[in-house]
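# Geometric and topological summary
Single-letter residue listing:
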Amino acid sequence: MKKHKIHSPVFITIFGASGDLTRRKLIPALYNLFIEHQLPVIFEIYCVDFMATELAAFKKNLLDGVNEFSRTGVAEITLWNEFSSKLFYLQGDFLEGSTFSKLREHADNYDIQNQRRGIRMFYFATAPRFIETIADGLYKNKICMRPLLDRIVIEKPFGTNLETAKKLNIFLAKRFYEKQIYRIDHYLGKETVQNIMAFRFANYVFEPLWNNKYIDHVQISVGEQVGVGKRGGYYDGSGALRDMIQNHLLQLLCIVAMDAPSAYKAELIRDAKTKVLKNIRVLGEKDVFKSVVRGQYTAGAINGKPSPGYRQEEQVAPGSTTETFVAAKFFVDNKRWRDVPFILTTGKSLPKQVSVIVIQFKDSPNKIFKTDVVPNRLVISIQPELEISLLFESKVPGLEMKLQAVDMDFTYQEAYSESLPEAYEALLLDVLEGDPTLFMRADQVEEAWKVVMPILNAWSKYPKKKLHFYKAGTWGPSEALALIKPYANKWFQLPRYERLVEKS
Ligand code: BG6
């Protein structure tokens, strides 16, 4: 385990200090890094926001957040006091220059006090409309100028379409070097997602099979039990395609489909992923309605409790056509993957949280047994169970040659006793260490937008066409099954992953 790898002092700024992300994810992640001796010894965290608040009340709110959301549970009070003695609140409007000049003063004084210029990290935990304003404030006040020491971290959504993403990239490129910009996709920080790279490239046994000769199809599903909750205002202008497919699911696809980079180096890995995105077959308008199914949840019940329909959620337009479910079939047109469907599904208000990648191998050409043989399947479960399992045929003990499919399982819980670091812990540490491997480069973001643009365009041209409804607490519209039907009969029943077993 790496500890205190960073020897420079660190000056962290979080814009959007009173937001949900800061309380739920960022501060718990920084606190955990601190208690596990991963943060540098010398650090300060400045939290900037518009609201007036007493420092003590602000810290208390963050402590409550740690107690509620941290994977390490309730904070140890002496450790929290030590950590929070380095936590400050700076009240300021992002639109006003004085906010940035005050911030600069703090940053400069911090360097003087430490007698050296440290690392600066500026985290944009704000609504997207503030990105340009904050970037400009930092630039004009010369706070984030040093390419090797100063970094900005930007949350998704990165643009709302290809055009706005390009504009934002150009805007940022005029103010910062690309290597200073960390576009975060928290899925890439998940332990299980990082493990896919290890699994693929450190185990040579799979590589010869990892292509269209042996793989029938790939399914990448991220199902959520939660609905949009209080995020209706954002979500209604976004929808599942922008919110999940354009970033998280396409990134998972890239990791599954990429060629091995020649070394574990950020740019080589990012190049390999970008190549996959460039090879994804562009959908025509007609293909969109054949290859992509969209849905929206109506009132239903989850776990026996009534659950509202999407149109009844706070800040959602009563006649909204925004999709809360997407199932999409993509093809990666290169030698390795030609004709192998990648079926991506995601949805909200489903019966439970399930995120899995299924690599379905082809049927064996050797038909020497009288009984049916179930093709091999590799299941990588990302959450809530963290496990990898390989399905294979085995002989049932006894005098007859009877076969049965069994699972060979690797579960994190059984293999490791430590609790796994949260995605944000890994990612924040990477930013501080200046490692951009798990972050999105400008061209990656744009290529991912190119993949989804034909779908967005077709849907905005025909907002109601083939918008299917599903009850909250069900596995999405039945029409989505049509996409997977040609392959579904090859799927084996695995009770944990109900989504995968629905049969015609
Ligand atoms: C976010 C989306 O990026 O990811 C949310 O905006 C979604 O809508 C969330 O709920 C899912 O993340 P996780 O880590 O809970 O799977």
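Here is a short report on the structure shown in this document. (Residues numbered from 1 in each chain as written. Predicted model: local features only at pLDDT ≥ 70, side-chain atom pairs only at ≥ 80, totals over all residues. Heavy atoms only, no water.)

### Observations regarding the overall build of the protein chain
Helices and strands together make up the secondary structure of the protein chain, namely 16 helices and 17 strands. For the protein chain, the C-alpha radius of gyration of 24 Å lies close to 23 Å, the compact-globule estimate for 504 residues. For the protein chain, the spread of C-alpha atoms along the principal axes amounts to about 80 × 50 × 45 Å. The proportion of buried residues among the 504 residues of the protein chain is 54%. When the accessible surface of the protein chain is split by element, carbon and sulfur atoms take 54% of a total near 22,800 Å². Put simply, the protein chain has 68 plus and 58 minus side-chain charges, and the middle of one group is 5 Å from the middle of the other. (Helix = DSSP H or I, 4+ residues; strand = E, 2+ residues; numbered from the N terminus. Rg over C-alpha atoms; globule rule 2.2 N^0.38 Å. Buried < 20%, exposed > 50% of the residue type's maximum accessible area, 1.4 Å probe, protein only. Areas by Shrake-Rupley, 256 points an atom, 1.4 Å probe, with all protein chains shown as cover. Lys, Arg positive; Asp, Glu negative; His and termini not counted. Charge placed at Lys NZ, Arg CZ, Asp CG, Glu CD.)

### Here's the deal with the site of the ligand
All residues in the neighbourhood of the ligand are listed as K156, H186, Y187, K190, E224, R231, D243, M244, H248, K348 and Q383. A distance of 2.8 Å is found between an oxygen atom of the ligand and a side-chain nitrogen or oxygen belonging to K156. A distance of 2.6 Å separates an oxygen atom of the ligand from a polar side-chain atom of K190. In the complex, the protein chains occlude 80% of the 390 Å² of accessible area that the ligand would expose alone. If you tally residues by element for the shell around the ligand, the top one is helix α9 (residues 240–257), at 3 residues. (Near = heavy atom within 4 Å. Polar contact = N/O pair within 3.5 Å; in protein donor to acceptor, adjacent residues only side chain to side chain.)

### Topic: a positive patch on the surface
Residues K286, K290, K465 and K466 make up a contiguous surface patch of positive charge. With respect to the helices, strands and loops of the structure, K465 is situated in the loop between α14 (442–461) and β17 (467–471). The class of K465 is partly exposed, set by a relative accessible area of 38%. (Patch = residues over 30% accessible without salt bridge, like charges linked within 9 Å, V, L, I, M, F, W, Y side chains within 5 Å. Salt bridge = Lys/Arg side-chain N within 4 Å of Asp/Glu carboxyl O.)

### Comments concerning the sheet that holds strand β15 (residues 387–395)
Adjacent strands of a sheet form backbone hydrogen bonds with each other and so pair up, either parallel or antiparallel. Taken in spatial order, the 9 strands of this open sheet run β16-β15-β14-β13-β7-β12-β11-β8-β17, and their pairing is mixed. Looking at which strands have only one partner, the edges of the open sheet turn out to be β16 (403–411) and β17. Adjacent strand axes in the sheet meet at a mean angle of 20° when their direction is disregarded. Relative to strand β12 (residues 341–347), strand β11 (residues 325–331) runs antiparallel, the two sharing 7 bridges. Bridge pairing links A327 to T345 in β12. Of the strands in this sheet, β13 (354–361), β14 (377–383) and β15 touch helix α7 (residues 191–202), which is tilted by about 150° from β14. (Pairing = 2+ DSSP bridges. Axes fitted to C-alpha atoms, helices over the stretch in contact; angles between N-to-C directions. Contact = heavy atoms within 4.5 Å.)

### Quick word on the packing of helix α1 (residues 20–35) against helix α3 (residues 77–84)
Direction vectors running N to C along α1 and α3 enclose 110°, while the axes themselves pass 10 Å from each other. By the angle between their directions, the pair α1 and α3 is classed as roughly perpendicular. When α1 is examined against α3, the residues I27, L30, Y31, F34 and I35 are found in contact with a partner set consisting of L79, W80, E82 and F83. For the contact of α1 with α3, the residue count by class is 8 nonpolar, no polar and 1 charged. (Parallel < 35°, antiparallel > 145°, perpendicular 65-115°, else oblique. Nonpolar A, V, L, I, M, F, W, Y, C, P; charged D, E, K, R; others polar.)

### Things to note about helix α10 (residues 266–279)
Helical geometry: 3.6 residues make up each α-helical turn, so side chains three or four residues apart lie on a common side. An ideal rise of 1.5 Å per residue puts 20 Å on 14 residues; α10 measures up with 20 Å between its terminal C-alpha atoms. Looking only at α10, the buried set comprises A266, I269, R270, A272, K273, T274, V276 and L277. (Expected span 1.5 Å × (residues − 1).)

### Quick notes on a nonpolar patch on the surface
On the surface, a nonpolar cluster with roughly 380 Å² of combined accessible area is contributed by I368, F369, V373 and M401. Within the secondary structure, F369 is located in the loop between β13 and β14.

### Quick look at unusual backbone geometry
For the peptide bond that leads from K156 to P157, omega is 5°, which places it in the cis range. Mapped onto the secondary structure, P157 falls in the loop between β5 (150–154) and α6 (162–173). Residue P384 follows Q383 across a cis peptide bond; omega there is -5°. In this structure, P384 sits in the loop between β14 and β15. For H37, which is not glycine, the phi torsion reads 60° and is therefore positive. Checked against the element boundaries, H37 lands in the loop between α1 and β2 (43–49). Its relative accessible area of 44% is what places H37 among the partly exposed residues. One non-glycine residue, Q115, lies in the positive phi region at around 55°. One can find Q115 in the loop between α4 (97–114) and β4 (119–124).

### Regarding the packing of helix α5 (residues 131–140) against α6
Two numbers describe how α5 lies on α6: the axes approach to 10 Å, and their chain directions differ by 10°. If you check the angle between α5 and α6, you find them roughly parallel. When α5 is examined against α6, the residues I131, E132, A135 and D136 are found in contact with a partner set consisting of L168, F171 and L172. Tallied by class, the residues present in the contact of α5 with α6 amount to 5 nonpolar, no polar and 2 charged.

### Some words on the pattern of salt bridges
Within this structure, the stated rule accounts for 27 salt bridges. R183 serves as the salt-bridge partner of E178, at 2.8 Å between the closest nitrogen and oxygen. For R183, a relative accessible area of 2% corresponds to the buried category. Among the ionic pairs, R441 bridges to E267, the shortest N-O distance being 2.7 Å. Residue R441 is located in the loop between α13 (423–433) and α14, and its partner E267 is located in helix α10; the two are separated by 174 residues in the primary sequence. Through salt bridges with shared partners, a single ionic network connects R104, D108, D111, R117, R120 and D150.

### Side note on the pairing of β12
Most of β12 is tucked away: 7 of the 7 residues are buried. Taking every second residue as pointing to the same face, both faces of β12 are buried, with P341, I343, T345 and G347 on one and F342, L344 and T346 on the other. As defined by bridge partners, strand β7 (residues 215–223) adjoins β12 across 6 bridges and the pair is classed as parallel. Counterpart to S221 in the pairing with β12 is T345.

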